[in-house]
Amino acid sequence: MMGTYCCNLLRNFYYPNYSITKGITNFNCVPTRGDSLFQKPIYFDFCKHHFDSVLVGVGMKEVVEKEVRENGRGFRWVEVGDDITKEQKESISKLPFRMANRCKALMRQIICFSLEKGNISDLLVAWVKIMKPTRADWLSVLKELRTMDHPLYLEVAEHALLEESFEANVRDYTKIIHHYGKNNKLEDAENILTAMVRRGFVCDQVILTTMVHMYSKAGHLDRAKEYFEEIKLLGEPLDKRSYGSMVMAYIRAGMPEEGENLLQEMDTQEILAGSEVYKALLRAYSEIGNAEGAQRVFDAIQLAGIPPDDKTCSLLVNAYAMAGQSQKARIAFNNMRRAGIKPTDKCITSLLVAFEKESKINTALEFLIDLERDDIMVGEEASVVLARWFRKLGVVEEVELVLRDFATNHQIS
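Sequence order sets the numbering: in each chain, residues are counted from 1 along the sequence as written. Given that this is a predicted model, residues contribute local features only at a pLDDT of at least 70 and side-chain atom pairs are listed and counted only at 80 or more, while totals for whole chains, interfaces and linings are drawn from all residues. Derived side-chain values reflect all non-hydrogen atoms in the structure, with water molecules and hydrogen atoms excluded from consideration.

By the naming in an unreviewed UniProt entry, the protein is Pentatricopeptide repeat-containing protein At1g01970, taken from Abrus precatorius.

Is there a simple way to think about the confidence of the model for the protein in this case?
For any part of a model where pLDDT is low, the fine detail of the predicted coordinates should not be relied upon. With 77% of its residues at a pLDDT of 70 or more, the protein has an overall mean of 82. Scored below 50 in pLDDT, residues 1-72 shows 90 contacts in the model against residues more than four places distant or in partner chains. The pLDDT value expresses, per residue, how confident the predictor is, ranging between 0 and 100. Between two residues, a contact is recorded if the distance between any of their heavy atoms is within 4.5 Å.

What exactly am I supposed to notice about the environment of V385 here?
Helix numbers and strand numbers start at the N terminus; a helix is a DSSP run of H or I with at least 4 residues, a strand a run of E with at least 2. Here V385 is to be found in helix α19 (residues 380-393). By relative accessible area, which is 6% here, V385 ends up buried. Sequence spacing of V385 and S350 is 35 residues, and the spatial spacing of their C-alpha atoms is 9.6 Å. The residues touching V385, leaving out its near neighbours within four places in the chain, are T349, L352, V353 and E356. Only protein chains enter the accessibility calculation, which uses a 1.4 Å probe. A residue is then buried if its area is under 20% of the maximum for its type, exposed if over 50%, and partly exposed in between.

Which parts of the structure should I look at to understand the nonpolar core?
Generally speaking, soluble globular proteins have nonpolar side chains that are buried together. In terms of nonpolar packing, the biggest core is built from 111 residues, with W77, I110, I207, M246, F333 and L352 touching the most fellow members. In terms of residue count, the dominant contributor to this core is helix α4 (residues 120-131) (eight residues). Apart from the residues within four sequence positions on either side, M246 is in contact with V212, L221, A224, K225, F228 and L262. For this analysis, a nonpolar core means a set of buried residues of the types Ala, Val, Leu, Ile, Met, Phe, Trp, Tyr and Cys, connected via side-chain atoms within 4.5 Å.

Mind showing me how you'd approach the packing of aromatic side chains here?
The geometry of two aromatic rings is summed up by the distance between their centres and the angle between their planes. For Phe, Tyr and Trp, where Trp contributes only its six-membered ring, two rings pair if their centres lie within 6.5 Å, and the inter-plane angle classes them as stacked under 30 degrees, edge-to-face over 60, or tilted in between. As enumerated under the stated definition, the model contains seven aromatic pairs in all. Between the aromatic rings of W138 and F166, the centroid separation amounts to 6.1 Å while the plane-to-plane angle is 75°, which identifies the pairing as edge-to-face. With W138 in helix α5 (residues 135-148) and F166 in the loop between α6 (153-160) and α7 (170-182), this residue pair connects regions lying 28 residues apart in the sequence. Here the aromatic cluster, defined as three or more aromatic residues joined through ring pairs, consists of W127, W138 and F166. When the NZ atom of lysine or the CZ atom of arginine is within 6 Å of a ring's centre and also within 35 degrees of its normal, the charge is said to sit over that ring. Of note, R135 hangs over the ring of F166, and the distance from its end group to the ring centre comes to 4.9 Å.

Even after reading the chapter, I still don't get unusual backbone geometry, so can you show me in this structure?
Only a minority of non-glycine residues have a phi that is not negative, and only a minority of peptide bonds are not trans. A positive phi angle is found at E167, which is not glycine, with a value near 55°. Within the secondary structure, E167 sits in the loop between α6 and α7. If you check the backbone angles, D375 has positive phi at about 60° while not being a glycine. Following the sequence through the fold, D375 ends up in the loop between α18 (361-373) and α19.

Structure, rendered in structure tokens:
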């Protein structure tokens, strides 16, 4: 009796509006995850949220059955049983051993999720209500979904941005925009950027560079230039990635000269572009037969301390060959050989095509003999070019005799 009186007295002191005769509101005390004596208990109003049962233990099977209702929507949380597919069981078995139980519980639900169960957002709301995840928990789940390349990754990531427990920052938005950009979903990326700004975040150089890169890959030069100008308006020094993304945008738009101008601007600021940017610019000049541009970029590559390889040398040879300058193409080829770089079959083919255009059959034969002397085999692509050219001239048998005689004399000597 005395205990009941004390209990009522304390209840009236902390909750003066509480009446023991009222059956509408019942308070149940649930300790928080830390179980600290100094932590305040958390009270749930069960008139608004009906939870059936919770049993989350370490070293035992988790049994969770919850239902969260909000604005007329609800998701009934029932722990995944054995009635799942073999593929689902295999995916669940591959979850990281050290992943927190609350994260594994959500991963199981996502792996076995279907539209018949409701909306993925309702599932995540239920998880937040029941499990009280931290940012680390969210990141653990997102990392695993990304590793699995799960189709619901983006939906989960976008929902996480709205949850207070996720503690979203600009980089979280950047990752989603980058993901949309990779899949060429430009409108979705723009929507995420707009939502980010609306929620009070400020665009920085990293996220604007991501937009430049996205529109560069999609071939939208104007939009890439707009975002590049926004980066300049930040008043910060542009970094290597920002410049590189814009250079690539010009290259993809068929404007290598503009891209080269940006490279020169980088050089004045002592910002070194990545080797992939130099090679892309060299390839752009090579494909259109701009030998002077290709030579400038090739020289810039060496000044940047990037050692030339068979690909860069082949692009330079091809540029001269495309420009109808077979003599300079041969010089570039010889320089490559002197540097100890073995030519590719494509490089040999480019030179033979240049000789064919200028009807230099004798020069081509000398070139083939030099290759034979250096034990360099002519590949399939180059052989096709030779066969077509010699057949057109009607000298197939004569050429075979010349090469056979040379091979015989080379073996004797």
